[in-house]
Amino acid sequence: MAGRLPRSADLTRFCQKLNRVKTLEDDMMETTFNRCLSTVDLTLLGIGGMVGSGLYVLTGTVAKEIAGPAVVVSFIIAGFASLLAALCYAEFGARVPKTGSAYMFTYVSMGEIWAFLIGWNVLLEYMIGGAAVARAWSAYLDSIFSHKIKNFTETHIGTWQVPFLAHYPDFLAAGVLLIATAFISFGAKVSSWLNHVFSAISLGVILFILVMGFILAEPKNWSAQEGGFAPYGLSGIMAGTATCFYAFVGFDVIAASSEEARNPQKAVPRAIAISLGLAAGAYILVSMVLTLMVPWHTLDPDSALADAFYRRGYSWAGFIVAAGSICAMNTVLLSNLFSLPRIVYAMAEDGLFFQVFSRVHPRTQVPVIGIVVFGVLMALMSLIFDLEALVQFLSIGTLQAYTFVAASIIVLRFQQEKSAAPPQLAGSQPSPGPNEGAGPSELKEYESFSDKLQLVGTDKAKVHREPGQLKAAFEPYLEFLSDFYPGEVVTIAVVTLMVSAICLCSILVFGNTHLHLPTWSYSLLLLLFSLGFLLSLLLIWVHEQQQSTKTFQIPLVPLTPALSILLNIYLMLKLSYMTWLRFSVWLILGLLVYFGYGIWHSKENLREPTSRSVSARYVVFPSSSLEETVQAVQPNPQPLTELPDMVTEEAKR
C-alpha cells in the first residue's frame with residue numbers, strides 16, 4: 001500500500017508544473033498579427049467596449065431594482081475600483097505587449113494553473129458580455145417598433161418559464177451576433193474602421209442625452225416624496241456597484257489588442273486612461289440625468305432612456321436615443337468578438353487550449369477559427385439566456401481577473417528580471433547565481449560545493465540590492481528576513497494579504513447578517529484581519545522593487561494594487577450565492593480541461609533544461625544555512641551515501 005503512494009519528489013515536480021511561469025521571447029514586438037492599431041484606434045476600442053448596454057440598459061436596471069438614484073454613487077465607486085485595476089492592466093500591457101490580457105499577465109508572474117483559470121474565466125466574461133449586449137440590442141430595436149418582434153415571437157413560437165432563461169428565444173440577438181462575427185473575420189483594420197463609425201455616432205447621442213436630459217431634469221425626483229436619493233441604503237449602493245462593474249469591463253480589450261498596436265509601450269497606457277475616464281464620466285452623468293427626468297421607481301429596465309423621453313412627450317428624442325444606443329451596442333459587440341478569439345489564441349499558442357484555435361489566417365492575420373466558433377457560441381447564449389442572470393455572472397469573472405492582475409503586479413515588481421541565458425559549456429560557471437533569476441521554488445545547480453561556498457561569500461559582499469531583497473535600512477531590525485531568497489517573503493506576504501482581505505471582507509459582508517456576530521467579536525475580527533492585511537502590506541514594502549523602466553509603471557506599489565485586491569474581493573462577496581454556485585461549476589469544468597489537456601500539452605514542457613556533460617551534478621535545495629539537502633542527479637558516479645561526508649568536508653574548508 002505504501003509503495004503506491006506518491007513520493008515527495010513526485011509531488012514537488014507536480015507542484016512545479018502547476019506553478020511554472022511563461023518564458024517570454026527576447027523580441028516581444030515580433031508577432032504573427034498585423035501591428036496596425038494606433039492610440040486613437042485603441043482608445044475608441046476601449047470606449048466602444050465600455051459604452052453600450054451598460055449605459056442604455058444597466059443604468060435603468062440598477063436604478064429601479066438595486067440602488068435608486070444612488071446609482072450615481074455606484075458608478076463612481078465602480079469607476080474608482082476599475083481605475084485601480086486599469087492601472088495594473090496599463091503597466092502589464094506596456095511591459096508585455098502580447099495578446100492574452102489578464103491570462104498572459106498572470107502566466108508570466110503567478111504560474112500556469114492560475115493563468116489558465118483566469119483565461120478560462122475571461123472566456124466566459126467575453127461570451128456573456130457579447131450575449132448580454134446582443135439581447136439588449138434586440139430589446140432596444142424592438143422598443144422602436146412597439147415590441148412587435150417580441151409579441152410575434154411569443155405568439156408564434158412560445159415562451160419559457162425556466163429560471164435564468166429568457167421568456168422567449170431571441171432570434172434577433174443571435175442573428176446580429178452572427179453578422180458581427182462575419183465582419184470581425186475580415187481583419188483588424190475592418191473591425192477598427194467599423195468601430196470608429198459606430199463610436200462617433202454613439203458619442204454624438206450621449207451628448208444629445210446630456211443636453212436634453214439636463215433641460216428636462218426635475219430635482220423633485222430625488223426628493224423624499226419619491227423615496228429619496230438612496231432608498232436601498234448603503235447596502236443597495238454597494239450591491240449596485242458590484243453589478244455596475246459590467247459597465248467598465250471593456251477597457252481590457254485594449255490590453256488584449258496590444259500585440260496589434262504599433263507602439264504598445266505608449267499607446268496602451270494612454271488609451272486605457274483616456275477611454276476609462278470618458279466612459280466613467282458618461283455613466284455618471286447619464287445616470288444622473290435619467291433619475292432626474294422621471295421618478296426612479298417608474299423606469300423601464302429594458303429601455304430606460306428611450307422610455308424616459310417618450311414619457312416626457314419627446315417621442316422624436318426617444319427614437320434618436322434608441323437608434324443611437326443600437327450603434328453603441330454594436331461597438332460592444334465588435335469589442336467582445338474582437339477580444340475573445342485573441343484570448344483563446346494566446347491559450348492555444350501556449351498549448352493550454354486546443355491547438356486548432358492557434359491558427360492565424362495568412363491573409364487577414366486573425367484567428368478565424370476562434371472567431372467563428374465562439375461567435376456561434378455567443379449567438380446560442382443570447383438565444384436562450386436572461387440578461388440579468390448573465391450580467392451577474394459576468395461581474396464575478398471580471399472581478400477575479402482584476403484581483404489576480406493586481407496581485408501579479410506586486411509579484412512582478414519585486415521579482416528579478418528573468419533573462420534567457422545560452423546553454424553553458426561543460427565545466428563553466430553557471431550564469432545565474434542563487435539570487436539571479438531564481439524564485440523561491442526553483443532549484444539551484446552547482447558543479448561542486450566549492451562553487452556554492454564561493455557564491456555565498458560573493459553574495460555577502462554585494463552592496464547593490466536586487467529586487468525582492470530586504471532594504472538596507474530595515475536589515476538591522478528585520479535581519480531574520482535576510483535568510484530568505486529574493487522575492488520569497490514577498491510571495492508569502494501576497495498570499496497572506498489576499499487571505500486577510502478575504503476574511504476581512506467576509507466579516508464586513510456577512511458578519512451582521514448571515515453570521516449574526518455580537519459586537520465585540522465583530523470588532524475584534526475586523527481588527528485582527530485588518531492588522532494582518534496591513535502587516536502583509538508592510539512586509540512587501542520593506543523589500544526592494546525593480547527600478548523604473550522606460551514603460552509605464554503604476555504608482556504607489558504595493559498600496560494601489562492592494563487596494564484594488566481589497567475592493568474587488570468585497571464586491572465579489574456582494575454577489576448572490578447562485579452566481580457563486582454557477583461560477584464554481586464553471587471553474588470545475590475548467591480544471592477538467594486543464595488536467596485533461598492543458599497540463600500535458602503546455603509548451604513550457606518543451607523548455608526542460610538539458611543535462612550538461614559533467615562528471616557529477618548536484619541539486620541544492622534552499623535553506624538558511626550551508627547544511628543543505630543534497631541530491632545527486634545523473635550521471636551518478638558514486639553512491640548517495642557518500643554525500644553527507646562531502647558536505648561536512650566542504651563546509652569545514
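Since we're looking at a predicted model, the values are computed, not measured.

Rules and cut-offs
- Residues numbered from 1 in each chain as written.
- Predicted model: local features only at pLDDT ≥ 70, side-chain atom pairs only at ≥ 80, totals over all residues.
- Heavy atoms only, no water.
- Helix = DSSP H or I, 4+ residues; strand = E, 2+ residues; numbered from the N terminus.
- Buried < 20%, exposed > 50% of the residue type's maximum accessible area, 1.4 Å probe, protein only.
- Contact = heavy atoms within 4.5 Å.
- Areas by Shrake-Rupley, 256 points an atom, 1.4 Å probe, with all protein chains shown as cover.
- Expected span 1.5 Å × (residues − 1).
- Bend = angle between axes of the 7 residues up to and from the residue.
- Phe/Tyr/Trp six-rings, centres within 6.5 Å; stacked < 30°, edge-to-face > 60°.
- Lys NZ or Arg CZ within 6 Å of the ring centre and 35° of its normal.
- Axes fitted to C-alpha atoms, helices over the stretch in contact; angles between N-to-C directions.
- Parallel < 35°, antiparallel > 145°, perpendicular 65-115°, else oblique.
- Left-handed = near helix turned anticlockwise from the far one by under 90°.
- Disulfide = S-S within 2.5 Å.
- Salt bridge = Lys/Arg side-chain N within 4 Å of Asp/Glu carboxyl O.
- Core = buried A, V, L, I, M, F, W, Y, C linked by side-chain atoms within 4.5 Å.
- Domains from an automatic or database assignment.
- Patch = residues over 30% accessible without salt bridge, like charges linked within 9 Å, V, L, I, M, F, W, Y side chains within 5 Å.
- Nonpolar A, V, L, I, M, F, W, Y, C, P; charged D, E, K, R; others polar.

**Q** Describe the overall build of the protein chain, and please don't skip the residues or the numbers.
**A** Per the secondary structure count, the protein chain includes 22 helices and 3 strands. Buried residues in the protein chain amount to 54% of all 653 residues. By sequence separation, contacts in the protein chain at least 24 residues apart represent 81% of the contacts at least 6 residues apart. Surface exposure of the protein chain reaches about 28400 Å², of which carbon and sulfur atoms provide 66%.

**Q** Would you mind going over helix α21 (residues 577-601) in detail, with residue names and values included?
**A** For α21, spanning 25 residues, the distance from its first C-alpha to its last is 35 Å, which sits close to the expected 36 Å at 1.5 Å a residue. At tyrosine 594, α21 shows its strongest bend, of approximately 45°. Among the residues of α21, Thr579, Arg582, Phe583, Trp586, Gly590, Val593, Tyr594, Tyr597, Gly598 and Ile599 are the ones counted as buried.

**Q** A description of the packing of aromatic side chains should follow, citing residues and the corresponding values.
**A** Enumeration according to the criterion identifies 27 aromatic pairs in this entry. Judged by centre distance (5.8 Å) and plane angle (55°), the ring pair of tyrosine 103 and tyrosine 107 falls under tilted. Residue tyrosine 103 and its partner tyrosine 107 are both found in helix α5 (residues 102-107); the two are separated by 4 residues, about one turn of the helix. Comparing tyrosine 103 with tyrosine 107, the two get one shared label, buried. Here phenylalanine 357 and phenylalanine 374 contribute two aromatic rings whose centre-to-centre distance is 5.5 Å and whose plane-to-plane angle is 55°, an arrangement assigned as tilted. A residue pair is termed long-range when its members are at least 10 positions apart, and phenylalanine 357 in the loop between α14 (315-349) and α15 (368-384) and phenylalanine 374 in helix α15 qualify at 17 residues. Residue classification places phenylalanine 374 among the buried positions, given a relative accessible area of 6%. When the ring centre of phenylalanine 338 is taken as reference, the NZ or CZ atom of arginine 342 above it lies at 3.8 Å. A cation over a ring is seen here: lysine 471 above tryptophan 541, with NZ or CZ 4.6 Å from the ring centre.

**Q** Explain the packing of helix α6 (residues 112-144) against α21 to me, using residue names and the numbers behind them.
**A** The interhelical angle for the contact between α6 and α21, taken along N-to-C directions, is 125°, at an axis separation of 10 Å. With respect to α21, the element α6 is oriented oblique. Like other packed secondary-structure pairs, α6 and α21 cross with a definite hand, here right-handed. When α6 is examined against α21, the residues Glu112, Ile113, Phe116, Leu117, Trp120, Asn121, Leu124 and Met127 are found in contact with a partner set consisting of Phe583, Trp586, Leu587, Leu589, Gly590, Leu591, Val593, Tyr594, Phe595 and Ile599.

**Q** Could you give me a rundown of the environment of tyrosine 402, with the residues and numbers involved?
**A** Within the secondary structure layout, tyrosine 402 lies in helix α16 (residues 387-413). Once the C-alpha coordinates of tyrosine 402 and alanine 85 are considered, the two residues, 317 residues apart in sequence, prove to be 5.7 Å apart. Aside from chain neighbours lying at most four places away, what touches tyrosine 402 is Ala85, Tyr89, Phe245, Phe248, Val249, Phe251 and Asn568.

**Q** Before we move on, can you summarise the environment of glycine 204 with the specific residues and values?
**A** Relative to the elements of secondary structure, glycine 204 occurs in helix α9 (residues 188-216). Along the primary structure glycine 204 and glycine 324 are separated by 120 residues, whereas in three dimensions their C-alpha atoms are 8.2 Å apart.

**Q** Residue-level account of the state of the cysteines, with values.
**A** Tallied over the entire structure, the rule returns 0 disulfides. This cysteine, cysteine 503, is not joined by any disulfide, and cysteine 505 carries the nearest cysteine sulfur, 9.5 Å off.

**Q** Explain unusual backbone geometry to me, and be specific about the residues and the numbers.
**A** A cis amide bond, omega 15°, links valine 557 with the succeeding residue proline 558. One non-glycine residue, glutamine 365, lies in the positive phi region at around 60°. Relative to the helices and strands, glutamine 365 resides in the loop between α14 and α15. The backbone of leucine 556 shows a phi angle near 55°, a positive value even though the residue is not glycine. Relative to the elements of secondary structure, leucine 556 occurs in the loop between α19 (519-541) and α20 (559-573).

**Q** How would you sum up the pattern of salt bridges? Please name residues and give values.
**A** On inspection of all chains with the given rule, the structure shows 9 salt bridges. The salt bridge involving glutamate 260 is made with arginine 342; its shortest N-O contact spans 2.6 Å. Here glutamate 260, found in the loop between α11 (252-256) and α12 (264-293), pairs with arginine 342, found in helix α14; they are 82 residues apart in sequence, far enough to count as distant. The residues glutamate 260 and arginine 342 share a single accessibility class, namely buried. A salt bridge links lysine 603 to glutamate 349, with the shortest nitrogen-to-oxygen separation between them at 3.6 Å.

**Q** Any chance you could break down the nonpolar core for me, citing the residues and the numbers?
**A** Of all hydrophobic cores here, the largest spans 173 residues; its most connected members are Tyr56 and Tyr89. The element that contributes the greatest number of residues to this core is α6, accounting for 20 residues. Looking at which domains feed residues into this core, each of domain 1 (33-417 + 554-605) and domain 2 (469-545) supplies at least three. The contacts of tyrosine 56, once residues within four sequence positions are left out, are Tyr140, Ser202, Val205, Ile206, Ile209, Ala304, Leu305, Val321, Gly324, Ser325, Ala328 and Met329.

**Q** Tell me what's going on with a nonpolar patch on the surface, and back it up with residues and numbers.
**A** On the surface, Trp520, Leu524, Leu527, Leu528, Leu531, Leu535, Leu538 and Trp541 cluster together into a nonpolar patch covering about 850 Å² of accessible area. Along the chain, leucine 527 turns up in helix α19.

**Q** Please give an account of the packing of α9 against α12 that cites residues and values.
**A** Two numbers describe how α9 lies on α12: the axes approach to 9 Å, and their chain directions differ by 35°. Crossing of α9 over α12 shows left-handed handedness. Only Ala282, Leu285, Val286, Met288, Val289, Leu292 and Met293 of α12 make contact with α9, whose side of the interface consists of Ile206, Ile209, Leu210, Gly213, Phe214 and Leu216. Residues of the contact of α9 with α12, tallied by class, amount to 12 nonpolar, 1 polar and no charged.

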